[in-house]
Amino acid sequence: MYGFWASSCTWRVRAALHFKGIAFEEKSVDIVKEQKQLTDEYRSINPSQKVPALVMNGETIVESMAIIQYLEEMRPEVSLVPKSPILRARMREICETIVSGIQPLQNIGLKRHFDSENKFKEFAEYFTTRGLESVEEQLKKTAGRFCIGDQITVADLCLVPQVYNGIVRHKINMEKFPIVSNVYEHLLKEKTFIETHPKNIK
């Protein structure tokens, strides 16, 4: 897997591989200081010049959610999706809120399009907060210890890295999101998230 230790999208896939017990090697692509994703060499691996990219069974797959779905279909015996159709739909609602409504709008790659760092921070904090408000409401319908009851699902793979970014990078006040915070704290105690945590990868 080509990824970056601090990338939330990379963490999603790293966690999925770990959860499913798939051995892998992570090759670092520094997307911040060295901007190696912009090199011709990496573009030949991922034309969109983003992380992660997974090389498996002789194929290269890009985009974290596509990779996770591929892993789920290739190794369904350790499942990351609920059995119930309605719970699968609820899981996807949470995933979409995070993957489409939060992550792209706080991505560090947007910073260069703002006149100042403060304007970017205000923008990122606003959309992170707005997205977490939605997730908080969604979890009222589904949460147990985790996003969907007591089963770790793709929603949890999306939630943990995004909340971590919200706290560490954007200083979000999580007191406003008690259900999200409770789920997050439970997930951080799980082996999958302990062993794939950025602080243990850097």
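As recorded by an unreviewed UniProt entry, the chain carries the name maleylacetoacetate isomerase and is attributed to Danaus chrysippus. Entered under Catalytic activity (unreviewed entry) in the UniProt record, the comment concerning the chain runs "4-maleylacetoacetate = 4-fumarylacetoacetate". According to its UniProt record, the chain has this under Cofactor (unreviewed entry): "glutathione".

If you walk through the whole model with that rule in mind, you get 11 salt bridges. Two residues, Lys140 and Glu137, come together in a salt bridge whose shortest N-O distance is 2.9 Å. Remark: Glu137 and Lys140 occur in helix H5 (residues 117-142); sequence separation between them is three residues, near one turn of the helix. Among the residues examined, Lys140 registers a relative accessible area of 53% and is labelled exposed. Among the charged side chains, a network of salt bridges with common partners joins Lys111, Glu117 and Lys121.

Let us look at the pairing of strand S3 (residues 53-56). In the sheet, S3 pairs with strand S4 (residues 59-62) via four bridges, with the strands oriented antiparallel. Across the sheet, Met56 pairs through a bridge with Glu59, a residue of S4. Counting the residues between successive antiparallel strands, the hairpin from S3 to S4 contains two residues, one of them, Asn57, with a positive phi of roughly 55°.

What follows is about the UniProt feature "domain: GST N-terminal" (unreviewed entry) in the chain. The positions UniProt marks with the feature "domain: GST N-terminal" (unreviewed entry) are residues 1-79. Between the C-alpha atoms that bound residues 1-79 there is a distance of 20 Å. The span itself is 34% helix and 15% strand.

Once that is clear, we can look at helix H1 (residues 8-19). Taking 1.5 Å of rise per residue, the 12 residues of H1 would be expected to cover 16 Å, and the 16 Å separating its terminal C-alpha atoms lies within 8% of that figure. Most of H1 is tucked away: 10 of the 12 residues are buried. Among the residues making up H1, those that are buried are Ser8, Cys9, Thr10, Trp11, Arg12, Val13, Arg14, Ala15, Ala16 and Leu17. If you check the start of H1, you find a side-chain oxygen 3.3 Å away from the backbone N of Cys9, and it comes from Ser7.

A word on helix H7 (residues 178-188). Where H7 is concerned, the buried positions are Val180, Ser181, Val183, Tyr184 and Leu187. For H7, the buried positions fall inside an angular range of 165° around the axis, keeping them on one side. Next to the buried residues of H7 lie H5, helix H6 (154-168) and helix H8 (191-195).

A few words on the packing of aromatic side chains. Within the structure shown, the criterion is met by seven aromatic pairs. Judged by centre distance (5.7 Å) and plane angle (65°), the ring pair of Phe114 and Phe120 falls under edge-to-face. Given the relative accessible area of 24%, Phe114 is considered partly exposed. Three or more aromatic residues link up through ring pairs in this structure, and these residues are Phe114, Phe120, Phe123, Tyr126 and Phe127.

What follows deals with the environment of Gly58. Mapping Gly58 onto the fold places it in the loop between S3 and S4. For the pair Gly58 and Ile152, spaced 94 residues apart in sequence, the C-alpha to C-alpha distance is 28 Å.

Criteria and cut-off values
- Residues numbered from 1 in each chain as written.
- Predicted model: local features only at pLDDT ≥ 70, side-chain atom pairs only at ≥ 80, totals over all residues.
- Heavy atoms only, no water.
- UniProt positions renumbered as here; feature names shortened; annotations may be inferred.
- Salt bridge = Lys/Arg side-chain N within 4 Å of Asp/Glu carboxyl O.
- Helix = DSSP H or I, 4+ residues; strand = E, 2+ residues; numbered from the N terminus.
- Buried < 20%, exposed > 50% of the residue type's maximum accessible area, 1.4 Å probe, protein only.
- Pairing = 2+ DSSP bridges.
- Expected span 1.5 Å × (residues − 1).
- Polar contact = N/O pair within 3.5 Å; in protein donor to acceptor, adjacent residues only side chain to side chain.
- Arc of directions from axis to C-beta.
- Contact = heavy atoms within 4.5 Å.
- Phe/Tyr/Trp six-rings, centres within 6.5 Å; stacked < 30°, edge-to-face > 60°.

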